Amino acid sequence: MGAVESLAVLHDADALTTAAALAQSLPGDAGQSLGLLDRAAAIAPQAADIGLLDVIQCHTQPGCDALSREARVRGIDPHNGDVWMAALHDATSHADQARIDEALSNMAHSTHFNFYFASLGRRFITGLKRVPTPPSDPTHHADTTDAQRQMLAMSMVAAMAIPAFQDVTHACQPGSAANDARRKTCRDIATSMERGDSLIANMIGLRLQEWTARDAVDHADAVAQRRRLQWRMNQLGALAGTPALPPTKQIATMLAHEREIDGIDTMLTDAGKPLDPPTGWQPPQPQGAHPPSSP
């Protein structure tokens, strides 16, 4: 019996959520993962992380009612801006400007945008412990079964679909009368995103802040904060996998913090790395890209 089958027969939210994540990579019934998440959500109805993942998976399945699932999760974590993503996407797909503005307004009143990546990672590790021999991945060079479980759990988190932010950026990007009228709303959304638990939410929030800055000082603050985040990601990339930060230590540190940036700051501080870039440092340009001053 495979890992998915072994976990799917258990009446346990962690096991079923783990089975759902593993099922994503298997050929066959595209709805298997969603069915497992539905069962997990029924067992743990107050688990916002499972509920939001259920919404995201539902969103990928034709005919699935993501709106009703999202409304349920809204009752668990009403201050999470991510629980309006499906509503915004549905409004955007129907070009319903009133509903777009309603969803954005609710996001602007949120206090954070959380995907609950750390909580899901811990669930996956717990679920994988229910499998005597966890599924192997040839790219993982783990010395122990526990290390193998940790590395697999984090790769599963990375593979799970995260909330799609393109509807937010499309609604807030300057250039149209409708978007320009949302300037204050989008600036408030930026603040909530910057408090989110994932780096991608933080970075998009800072981009929104640049677009909707209240003044030159606010714009400069967004640029400086993005530069600091990029510096820390650059430093972590250089440190990861070295004797100072082996994979198991990196994973354990990330899962000990609810916000991704807090885990990164801890790892860099423990390694004696500065959190702020030196004067004049700029993020590396993507290969083939021209510097901003180039034609």
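Residues numbered from 1 in each chain as written. Predicted model: local features only at pLDDT ≥ 70, side-chain atom pairs only at ≥ 80, totals over all residues. Heavy atoms only, no water.

Undergrad: Explain the nonpolar core to me, and be specific about the residues and the numbers.
TA: Ranked by size, the top nonpolar core spans 54 residues in total, and within it Leu22, Leu36, Ile50, Phe115, Phe124, Met156 and Ile264 carry the most contacts. Looking at which element gives the most residues to this core, the answer is helix H2 (residues 13-23), with eight residues. Setting aside anything within four residues of it in sequence, one finds isoleucine 264 in contact with Leu199, Arg232, Leu236 and Met254. Counting residues in each nonpolar core, the second largest holds 29 residues, with Met85, Phe165, Val168 and Met193 among its members. (Core = buried A, V, L, I, M, F, W, Y, C linked by side-chain atoms within 4.5 Å. Buried < 20%, exposed > 50% of the residue type's maximum accessible area, 1.4 Å probe, protein only. Helix = DSSP H or I, 4+ residues; strand = E, 2+ residues; numbered from the N terminus. Contact = heavy atoms within 4.5 Å.)

Undergrad: Tell me about unusual backbone geometry, residues and numbers included.
TA: Excluding glycine, residues mostly carry a negative phi; peptide bonds, for their part, are mostly trans. One non-glycine residue with positive phi stands out, namely alanine 95, at about 50°. Structurally, alanine 95 is set in the loop between helix H6 (85-93) and helix H7 (97-108). Residue classification places alanine 95 among the exposed residues on the basis of a relative accessible area of 55%. Despite not being glycine, tyrosine 116 has its phi angle at roughly 65°, a positive value. Following the sequence through the fold, tyrosine 116 ends up in the loop between H7 and helix H8 (117-128).

Undergrad: So what's going on with the side chain of arginine 232? Which residues, and what values?
TA: Mapped onto the elements, arginine 232 comes out in helix H14 (residues 216-239). Using a relative accessible area of 14% as the deciding quantity, one classes arginine 232 as buried. Excluding its chain neighbours within four sequence positions, the residues that come into contact with arginine 232 are Ile261, Ile264, Asp265, Leu268, Leu275 and Asp276.

Undergrad: Which residues make up the side chain of histidine 112, and what values do they have?
TA: Relative to the helices and strands, histidine 112 resides in the loop between H7 and H8. When residues no more than four places from it in sequence are discounted, the contact partners of histidine 112 are Asp77, His79, Asn80, Gly81, Ser192 and Arg195.

Undergrad: Please give an account of the confidence of the model for the protein chain that cites residues and values.
TA: For any part of a model where pLDDT is low, the fine detail of the predicted coordinates should not be relied upon. Of all residues in the protein chain, 91% attain a pLDDT of 70 or more, and the chain-wide mean is 90. No element of the protein chain has a lower mean pLDDT than helix H9 (residues 145-159), at 87, and none a higher one than helix H12 (residues 183-194), at 98. (pLDDT = per-residue confidence, 0-100.)

Undergrad: Which residues make up the environment of glutamate 102, and what values go with them?
TA: You can see glutamate 102 is positioned in helix H7. For glutamate 102 and glycine 2, which are 100 residues apart along the polypeptide, the C-alpha to C-alpha distance reads 45 Å.

Undergrad: Describe in detail the packing of aromatic side chains, supporting the description with residues and values.
TA: What the rule picks out here adds up to one aromatic pair. Aromatic side chains tryptophan 231 and tryptophan 281 sit 5.2 Å apart centroid to centroid with 80° between the ring planes, which places their arrangement in the edge-to-face category. Linking tryptophan 231 in helix H14 with tryptophan 281 in the segment after helix H16 (260-270), this pair joins segments that are 50 residues apart in sequence. With a relative accessible area of 8%, tryptophan 231 lands in the buried category. Accessibility expressed as a relative area gives 16% for tryptophan 281, which makes it buried. (Phe/Tyr/Trp six-rings, centres within 6.5 Å; stacked < 30°, edge-to-face > 60°.)

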